[in-house]
Amino acid sequence: MEVKIEPSWKAVLSEEFNKPYFKNLTDFVRTEYNTQSCFPMKSRIFAAFDACAFHQVKVVIIGQDPYHGSGQANGLCFSVNNGIPLPPSLVNIFREIETDLKQPMPKTGNLDRWARQGVLLLNATLTVRQSQAASHQGKGWETFTDAVIQEISNQTQGVVFLLWGGFAKKKGARIDRNKHLVLESGHPSPLSANKGHWFGNKHFSKTNEYLVSKGENAIDW
């Protein structure tokens, strides 16, 4: 079926788009957007892919669900639109970067600047109904994003996968760790971070050290 997504991803995922589950998923999402308030806006559902072509992927960060508050979700995991207050998890991400790399806290939570450098900011579920967390889980998105992760693992090498929290660790269980660097820690949400499972993981400096060792440019976090 015809899906509006960046061409390199269309080529890699063409088989996925033609599977019965994806048609069912598309029908569900179309109905939800026509009858409910859903996020992100339609044009941003595949924003993570549109901002970072398949052959440009250097880092993959796996989130769970888009933000379900008005104006927050922009199609990139953990990211919010310019002018939107920083959610608690994103504050803790920036605090770790501040400590790890000695960089000041950014003024915006829009992570498009990461995506443009080769960071795939992938939520497991790409859509959500307003004010209803997890409302689009179990409809097929997870199957699709599992396939995305598997294609990156199979077809590339030297990618850094950042798996934060139990959900992301399970999602990344089949990544080929002989070809890629997989870094795991607790989730940056306050519940996990304040128990000592997030702060001090140094994932951002470790990512850059690995990329530079492979002849790639470091990410400007």
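Scroll up a little and you will see the structure.
Residues numbered from 1 in each chain as written. Predicted model: local features only at pLDDT ≥ 70, side-chain atom pairs only at ≥ 80, totals over all residues. Heavy atoms only, no water.

(A) Structural context of the overall build of the protein. Helices and strands together make up the secondary structure of the protein, namely 9 helices and 6 strands. Whereas a compact globule of 221 residues would reach a radius of gyration of roughly 17 Å, the protein reaches 17 Å, a difference of no more than 12%. Projected onto its principal axes, the C-alpha coordinates of the protein cover approximately 45 × 35 × 25 Å. Looking at the 221 residues of the protein, the share that counts as buried comes to 54%. Where the 25 positive side-chain charges of the protein centre and where its 20 negative ones centre are 3 Å apart. (Helix = DSSP H or I, 4+ residues; strand = E, 2+ residues; numbered from the N terminus. Rg over C-alpha atoms; globule rule 2.2 N^0.38 Å. Buried < 20%, exposed > 50% of the residue type's maximum accessible area, 1.4 Å probe, protein only. Lys, Arg positive; Asp, Glu negative; His and termini not counted. Charge placed at Lys NZ, Arg CZ, Asp CG, Glu CD.)

(B) Seen up close, the pattern of salt bridges. Enumeration according to the criterion identifies 7 salt bridges in this entry. Its salt-bridge partner being Arg30, residue Asp27 comes within 3.4 Å of it at the nearest N-O pair. Placement of both Asp27 and Arg30 in helix H2 (residues 20–35) is noted, with a separation of 3 residues, approximately one turn of the helix. Its salt-bridge partner being Glu32, residue Arg129 comes within 2.8 Å of it at the nearest N-O pair. On the criterion of sequence distance, the pair formed by Arg129 in strand E4 (residues 128–129) and Glu32 in helix H2 is long-range, its members being 97 residues apart. (Salt bridge = Lys/Arg side-chain N within 4 Å of Asp/Glu carboxyl O.)

(C) Focus on the environment of Ile97. Relative to the helices and strands, Ile97 resides in helix H4 (residues 88–101). Each C-alpha atom of the pair Ile97 and Phe199 lies 9.5 Å from the other, and the pair is 102 residues apart in sequence. If near-sequence neighbours (up to four positions away) are discounted, Ile97 is found in contact with Lys102, Gln103, Trp114, Phe204 and Trp221. (Contact = heavy atoms within 4.5 Å.)

(D) Expanded view of the pairing of strand E2 (residues 59–63). Of all 5 residues in E2, 5 are buried, a share of seventy percent or more. Going residue by residue along E2, you find Val59, Ile61 and Gly63 tucked away on one face and Val60 and Ile62 tucked away on the opposite face as well. As defined by bridge partners, E2 adjoins strand E5 (residues 160–164) across 3 bridges and the pair is classed as parallel. When the bridges of E5 are listed, Val60 appears paired with Phe161. (Pairing = 2+ DSSP bridges.)

(E) Highlighting the sheet that holds strand E3 (residues 119–123). On the basis of which strands lie adjacent, the open sheet formed by 4 strands has the order E3-E2-E5-E6 and parallel pairing. Strands at the two margins of the open sheet, each flanked by one partner only, are E3 and strand E6 (181–185). Averaged over neighbouring strand pairs, the angle between their axes works out to 20 degrees when direction is ignored. Inspection of the sheet shows E2 paired to E3 by 5 bridges, in the parallel sense. Residue pairing across strands places Ile62 opposite Leu122, the latter belonging to E3. (Axes fitted to C-alpha atoms, helices over the stretch in contact; angles between N-to-C directions.)

(F) Layout of H4. Between the first and last C-alpha of H4 there are 20 Å, a value that for 14 residues agrees with the 20 Å anticipated at 1.5 Å per step. All of the buried residues in H4 are Ser89, Leu90, Val91, Asn92, Ile93, Phe94, Glu96, Ile97 and Asp100. For H4, the elements touching its buried residues are helix H5 (112–115), E5, helix H8 (190–197) and helix H9 (203–213). Lys102 sits one or two positions beyond H4 and adopts a positive phi of about 60 degrees. (Expected span 1.5 Å × (residues − 1).)

(G) Quick peek at the packing of aromatic side chains. In this structure the tally under the stated criterion is 19 aromatic pairs. Measuring from ring centre to ring centre gives 6.2 Å for Tyr21 and Phe22, while their planes differ by 85 degrees; the resulting arrangement is edge-to-face. Relative accessible area serves as the criterion here: at 2%, Phe22 is assigned to the buried category. Residues Trp164 and Trp198 carry aromatic rings whose centres are separated by 4.8 Å and whose planes lie at 80 degrees to one another, so their mutual orientation is edge-to-face. Highlighted residues: Trp164 in strand E5 and Trp198 in the loop between H8 and H9, separated in sequence by 34 residues. By way of ring pairs, the aromatic residues Trp9, Phe17, Tyr21, Phe22, Phe46, Phe49, Phe54, Trp141 and Phe144 are connected into one cluster. (Phe/Tyr/Trp six-rings, centres within 6.5 Å; stacked < 30°, edge-to-face > 60°.)

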